[in-house]
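# Notes for the structure review
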Amino acid sequence: MSTEVLAASATDVQQASASAPAQSATAEKVNLLGMSRPQMEKFFEDLGEKKFRAGQVMKWIHQFFVTDFAEMTNISGKLREKLEKICEIKAPEVVHKNYSKDGTRKWVFRVGDGEGSLVETVLIPAEDKTGSRKTLCISSQVGCALDCSFCSTGKQGFQRDLTQAEIIGQLWMANYSYMEDVPVIERERSVTNVVMMGMGEPLLNYDAVLNAMRIMLDDFAYGMSKRRVTLSSSGVVPKIDQLAQDIDVALAISLHATNNELRDELVPINKKYPLEQLIAACQRYIGKDGNESARKHVTIEYVMLDGVNDHPEHAQQMIKLLKNLPSKINLIPFNPFPHAPYGRSSRNRIISFQKTLSDAGFVCTIRQTRGDDIDAACGQLVGQVADRTRRAEQWKKKVAAQNEIIRSQG
Ligand code: SAH
Ligand code: SF4
């Protein structure tokens, strides 16, 4: 765990809040941050304005990271005044941020009113043959209802869906963090890839996630390549089919077990949509559109749990299961959390599992666990910040009680 970070002091918190766009008290204002282009075009038309204004405003927000309408110089003063009165551009509040020496960045956001809830976002840089990447792992819900047995988000239960603004706000903030001090005109987006692999099940917050991904792909906003936006799901089968109709992005599936008996235990949604249905849905998702599509293969995520799903027979079952599905397999060493009922498979075990799959012709990688030093696994940083907040609250109560005693004595 990086020492730089985790002593999230009050100053951290204040600095983080100061770098966020102003948090206005006018809750009734319409937040433009989360609107997709069709939604914003409709909004402008309803205001009696030309719909091309939507594209202009979106560029200011998502390409120049401007939150003050006064800075939107290609928009008339009159319209700017009107927008100022009824709209705002507001990212979720950052309560903790952590920039590690290896380039990994993490944020904890407070979403909702009052004390709200906490969600996390992680940015992981990487170099590969295509150049340097910055991959942002975005959350879609506070907690998760699906309760996978190895997942700390699942253990928190489901609290609520994130709004479109809260989802796209994570990408906005990650990009903005590289250019707070850069003049508006020179600002460029830094995040190259997005994976919907943070907290929550994105397909159970379908509309908000879909619209947020549309903003990611939109040339008037982030203009990301469809192959660089990946949605990860534990297997909500009907929604996989709907996704195939609505947008062209890459799909990752959290498989984690190769037979229904074990998957029922690890990923309980398997009881509703068992493996045969899931694999068939993945096959349907794979494009008829060939090379033009982001859907040339499905990424299969497989968390390696010591003695549970890492036997040679599981590798053999996986070979059979995936034989007719173009896929790339990503083995994820389990990231332990307090009271987790599992351990991480040994390095040797993971390597021999990989070898079996590679020998059978699969592309199979092992996820780097570098993020460990700052708890990169889903849901874990939030746990820490929540603990710290709780400790701070307990401390405040203790001080207040002592003050009360002193007052009553004196
Ligand atoms: N709900 C979605 C996306 C969020 S989880 C899904 O399940 O796909 C993102 C990935 O992290 C999933 O593959 C999930 O199984 C994995 N994951 C969750 N807890 C983990 C842990 N403790 N160690 C390693 N991977 C974990
Ligand atoms: Fe939810 Fe994904 Fe965690 Fe399962 S692994 S509990 S679906 S966030």
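So, about unusual backbone geometry. The phi angle at Phe65 is positive, at roughly 55°, despite the residue not being glycine. Position of Phe65 among the secondary structure elements: in the loop between helix 4 (52–62) and helix 5 (77–86). In this structure Phe65 comes out as buried when scored by relative accessible area, which is 3%. For Asp147, which is not glycine, the phi dihedral falls at a positive 55°.

Attention now moves to the site of ligand 1. Around ligand 1, a shell composed of 20 residues is seen, among which Gly200, Ser232, Ser254, His256 and Asn335 lie nearest. Here an oxygen atom of ligand 1 and a side-chain polar atom of Ser254 are 2.6 Å apart. The fraction of the free accessible surface of ligand 1 (540 Å²) that becomes covered by protein chains is 93%. Of the residues belonging to the shell around ligand 1, the class tally is 9 nonpolar, 9 polar and 2 charged.

This part covers the site of ligand 2. All residues adjacent to ligand 2 are Cys144, Leu146, Asp147, Cys148, Cys151, Gly154, Gly200, Glu201 and Ser234. In terms of residue class, the shell around ligand 2 is made up of 4 nonpolar, 3 polar and 2 charged.

Let us look at the environment of Pro341. Positionally, Pro341 belongs in the loop between strand 13 (327–333) and helix 13 (347–359). When the C-alpha positions of Pro341 and Ser149 are compared, they lie 7.9 Å apart, and in sequence the two are 192 residues distant.

For the protein, per-residue confidence averages 86 on the pLDDT scale, and 82% of positions sit at 70 or higher. Between residues 1–26, whose pLDDT stays under 50, and residues either more than four places distant or in other chains, the model counts 46 contacts. Predicted confidence for residues 387–392 stays below pLDDT 50, and this span has 3 contacts to residues more than four positions away or in other chains.

It is worth spelling out a negative patch on the surface at this point. Side chains of Asp68, Glu71, Glu81 and Glu84 sit close together on the surface and give a patch of like negative charge. Of note, Asp68 is situated in the loop between helix 4 and helix 5. Its relative accessible area of 36% is what places Asp68 among the partly exposed residues.

Moving on to the side chain of Arg295. Checked against the element boundaries, Arg295 lands in the loop between helix 11 (275–285) and strand 12 (298–304). A distance of 3.2 Å separates a polar atom in the side chain of Arg295 from a polar atom in the side chain of Asp248. A polar contact of 3.5 Å, which involves the side chain of Arg295, links it to the backbone oxygen of Tyr285. If sequence neighbours within four positions are ignored, Arg295 has contacts with Leu243, Ala244, Ile247, Asp248, Val249, Tyr285, Ile286 and Gly287.

Counted by the stated rule, this structure contains 9 aromatic pairs. With 6.5 Å between their ring centres and 55° between their planes, Phe65 and Tyr222 make a pair best called tilted. In this pair, Phe65 is assigned in the loop between helix 4 and helix 5 and Tyr222 in the loop between helix 8 (206–217) and strand 10 (229–233), connecting sequence segments 157 residues apart. According to the relative accessible area criterion, Tyr222 is buried, its value standing at 5%. Consider the rings of Trp172 and Tyr176, whose centres lie 4.7 Å apart with planes at 25°: the pair is stacked. Separated by 4 residues within a single helix, Trp172 and Tyr176 lie in helix 7 (residues 164–176), roughly one turn from each other. Here the aromatic cluster, defined as three or more aromatic residues joined through ring pairs, consists of Phe65, Trp172, Tyr176 and Tyr222.

Conventions and cut-offs
Residues numbered from 1 in each chain as written. Chains lettered and ligands numbered in written order. Predicted model: local features only at pLDDT ≥ 70, side-chain atom pairs only at ≥ 80, totals over all residues. Heavy atoms only, no water. Helix = DSSP H or I, 4+ residues; strand = E, 2+ residues; numbered from the N terminus. Buried < 20%, exposed > 50% of the residue type's maximum accessible area, 1.4 Å probe, protein only. Near = heavy atom within 4 Å. Polar contact = N/O pair within 3.5 Å; in protein donor to acceptor, adjacent residues only side chain to side chain. Areas by Shrake-Rupley, 256 points an atom, 1.4 Å probe, with all protein chains shown as cover. Nonpolar A, V, L, I, M, F, W, Y, C, P; charged D, E, K, R; others polar. pLDDT = per-residue confidence, 0-100. Contact = heavy atoms within 4.5 Å. Patch = residues over 30% accessible without salt bridge, like charges linked within 9 Å, V, L, I, M, F, W, Y side chains within 5 Å. Salt bridge = Lys/Arg side-chain N within 4 Å of Asp/Glu carboxyl O. Lys, Arg positive; Asp, Glu negative; His and termini not counted. Charge placed at Lys NZ, Arg CZ, Asp CG, Glu CD. Phe/Tyr/Trp six-rings, centres within 6.5 Å; stacked < 30°, edge-to-face > 60°.

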